Amino acid sequence: MALTKQQLVDWLMRCGEVFRRERDFLTELDTAIGDADHGLNMNRGFDQVAAKLPSVAEQDIGAILKSSGMTLLSSVGGASGPLFGTFFIRAAQVTAGKQSLDLAELQQMVQAGAEGVAARGKAQPGDKTMCDVWQPVADSLKQSLAQASDVRAGLRQAAERARQAAESTIAMQARKGRASYLGERSIGHQDPGATSVMLMIQALSAAAG
Ligand code: ADP
Ligand code: MG
Ligand code: MG
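Each value, and the rule that gives it
Residues numbered from 1 in each chain as written. Chains lettered and ligands numbered in written order. Predicted model: local features only at pLDDT ≥ 70, side-chain atom pairs only at ≥ 80, totals over all residues. Heavy atoms only, no water. Helix = DSSP H or I, 4+ residues; strand = E, 2+ residues; numbered from the N terminus. Buried < 20%, exposed > 50% of the residue type's maximum accessible area, 1.4 Å probe, protein only. Polar contact = N/O pair within 3.5 Å; in protein donor to acceptor, adjacent residues only side chain to side chain. Contact = heavy atoms within 4.5 Å. Donors = N, O, S within 2.8 Å, 3.2 Å for Na, K, Ca; no water. Salt bridge = Lys/Arg side-chain N within 4 Å of Asp/Glu carboxyl O. Near = heavy atom within 4 Å. Areas by Shrake-Rupley, 256 points an atom, 1.4 Å probe, with all protein chains shown as cover. Nonpolar A, V, L, I, M, F, W, Y, C, P; charged D, E, K, R; others polar. UniProt positions renumbered as here; feature names shortened; annotations may be inferred. Axes fitted to C-alpha atoms, helices over the stretch in contact; angles between N-to-C directions. Parallel < 35°, antiparallel > 145°, perpendicular 65-115°, else oblique. Left-handed = near helix turned anticlockwise from the far one by under 90°. Expected span 1.5 Å × (residues − 1).

1. Quick word on the side chain of Ser196
Logical step 1: Within the element layout of this structure, Ser196 appears in helix H9 (residues 192–208).
Logical step 2: Exposure remark for Ser196: the relative accessible area of 0% places this residue in the buried category.
Logical step 3: A polar side-chain atom of Ser196 sits 2.7 Å from a polar atom in the side chain of His38.
Logical step 4: Here Ser196 is in contact with Phe19, Leu26, His38, Met42 and Phe84, once residues within four sequence places are set aside.

2. Some details on the coordination of the magnesium ion (ligand 3)
Expected angles at a metal are 109.5 degrees for tetrahedral coordination by four donors and either 90 or 180 degrees for octahedral coordination by six donors.
Logical step 1: Donor atoms from the polypeptide that coordinate the magnesium ion (ligand 3) comprise Asp35 (OD) and Asp37 (OD), at 2.1 to 2.2 Å from the metal.
Logical step 2: The two metals, the magnesium ion (ligand 3) and the magnesium ion (ligand 2), are separated by 3.5 Å and share Asp35 as a common coordinating residue.

3. Observations concerning the environment of Ile64
Logical step 1: Tracing the backbone shows Ile64 in helix H4 (residues 61–75).
Logical step 2: Once the C-alpha coordinates of Ile64 and Lys5 are considered, the two residues, 59 residues apart in sequence, prove to be 9.1 Å apart.
Logical step 3: Filtering out sequence-adjacent residues up to four positions away, Ile64 remains in contact with Lys5, Leu8, Val9, Leu12, Leu53, Val56, Ala57 and Gln59.

4. What to know about the pattern of salt bridges
Logical step 1: Scanning the model with the defined rule gives eight salt bridges in all.
Logical step 2: Close ionic contact of Arg14 with Asp10 constitutes a salt bridge, the shortest N to O distance being 3.0 Å. With Arg14 and Asp10 both in helix H1 (residues 5–21), this residue pair falls four residues apart, about one helical turn.
Logical step 3: On the basis of relative accessibility, which here comes to 28%, the residue Arg14 falls in the partly exposed class.

5. Description of the site of ligand 1
Logical step 1: Around ligand 1 sit 21 residues, and of these Asn41, Ala79, Ser80, Gly121 and Asp191 come closest.
Logical step 2: One of the side-chain nitrogen or oxygen atoms of Asn41 is found 2.8 Å away from an oxygen atom of ligand 1.
Logical step 3: Within the side chain of Ser80, a nitrogen or oxygen atom sits 2.6 Å from an oxygen atom of ligand 1.
Logical step 4: Protein chains bury 92% of the 560 Å² of accessible surface belonging to ligand 1 in isolation.
Logical step 5: Where the shell around ligand 1 is concerned, the elements lending two or more residues are helix H3 (38–56), helix H5 (80–93) and H9.
Logical step 6: For the shell around ligand 1, a count of residues per class yields seven nonpolar, eight polar and six charged.

6. Re the UniProt feature "domain: DhaL" (unreviewed entry) in the protein
Logical step 1: UniProt records the feature "domain: DhaL" (unreviewed entry) at residues 6–206, using the numbering of this structure.
Logical step 2: Helix makes up 71% of residues 6–206 and strand 1%. Its end C-alpha atoms lie 13 Å apart.

7. Details of the packing of helix H7 (residues 131–146) against helix H8 (residues 151–168)
Logical step 1: Running from N to C, H7 and H8 point in directions that differ by 150°, and their axes come no closer than 8 Å. When the interaxial angle is binned, H7 and H8 end up roughly antiparallel. For the pair H7 and H8, the crossing hand works out as right-handed. Packed against H7, whose contacting residues are Asp132, Val133, Pro136, Val137, Asp139, Ser140, Leu141, Gln143 and Ser144, the element H8 presents Gly154, Leu155, Gln157, Ala158, Arg161, Ala162, Ala165 and Ala166 at the interface.
Logical step 2: Residues belonging to the contact of H7 with H8 are distributed by class as follows: nine nonpolar, five polar and three charged.

8. Considerations on helix H6 (residues 103–121)
Logical step 1: In this model, H6 (19 residues) spans 27 Å end to end at C-alpha, consistent with the 27 Å of a helix rising 1.5 Å per residue.
Logical step 2: Where H6 is concerned, the buried positions are Leu103, Leu106, Gln107, Met109, Val110, Gln111, Ala112, Gly113, Ala114, Gly116 and Val117.
Logical step 3: The N-capping residue of H6, defined by a side-chain oxygen 3.2 Å from the backbone nitrogen of Ala104, is Asp102.
Logical step 4: Just downstream of H6, Lys122 is the residue with a positive phi angle, here 55°.

See below:
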């Protein structure tokens, strides 16, 4: 069973709710190793994405993702706006014209987005960034594909992998972004952006049913 366009729109709506609910938690994470605005940034960005959805929901998946990416680019400042914006714009390029996504197409979407974020942020694995969750999620979907899982099972697996991957950033020393200014003192705290990716993948799994 493929992920329908309606489920994808539902995902983006759920992201709006999740970042409203988790705003203070994410900002708390960013207080420890950043400038205490990550929750506010994500909440503002996905509120705007949700507000735009009704006007684009009739278009294809690529167009919806592109619109969401442009909205994040223009409404979220800091490091995370351009990076999440890049994720969606790259994801849009490989889903142009589609009305649904099977597991292979979903894997391509996440892989393209993850590569776009890594290229834009110049982050390597282990640098304690959102990339430390995006790529494991893409890898998990690839494994599920090899095991001939369906989208729903693949996303459940990916959400669990995302949880572990976000947790694994606690032990890392930040080498990119504001947290890198702290050097070794960045160790022992979960990365805010990585946590946001985890929340997005959990929301995607929930939207898939
Ligand atoms: P800012 O740091 O500008 O205040 P946010 O607080 O919204 O922006 O986002 C911080 C998050 O952005 C970090 O937790 C990290 O996951 C991510 N990030 C920062 N720099 C990079 C980078 N170069 N590559 C990938 N992700 C990054
Ligand atoms: Mg910040
Ligand atoms: Mg900031």
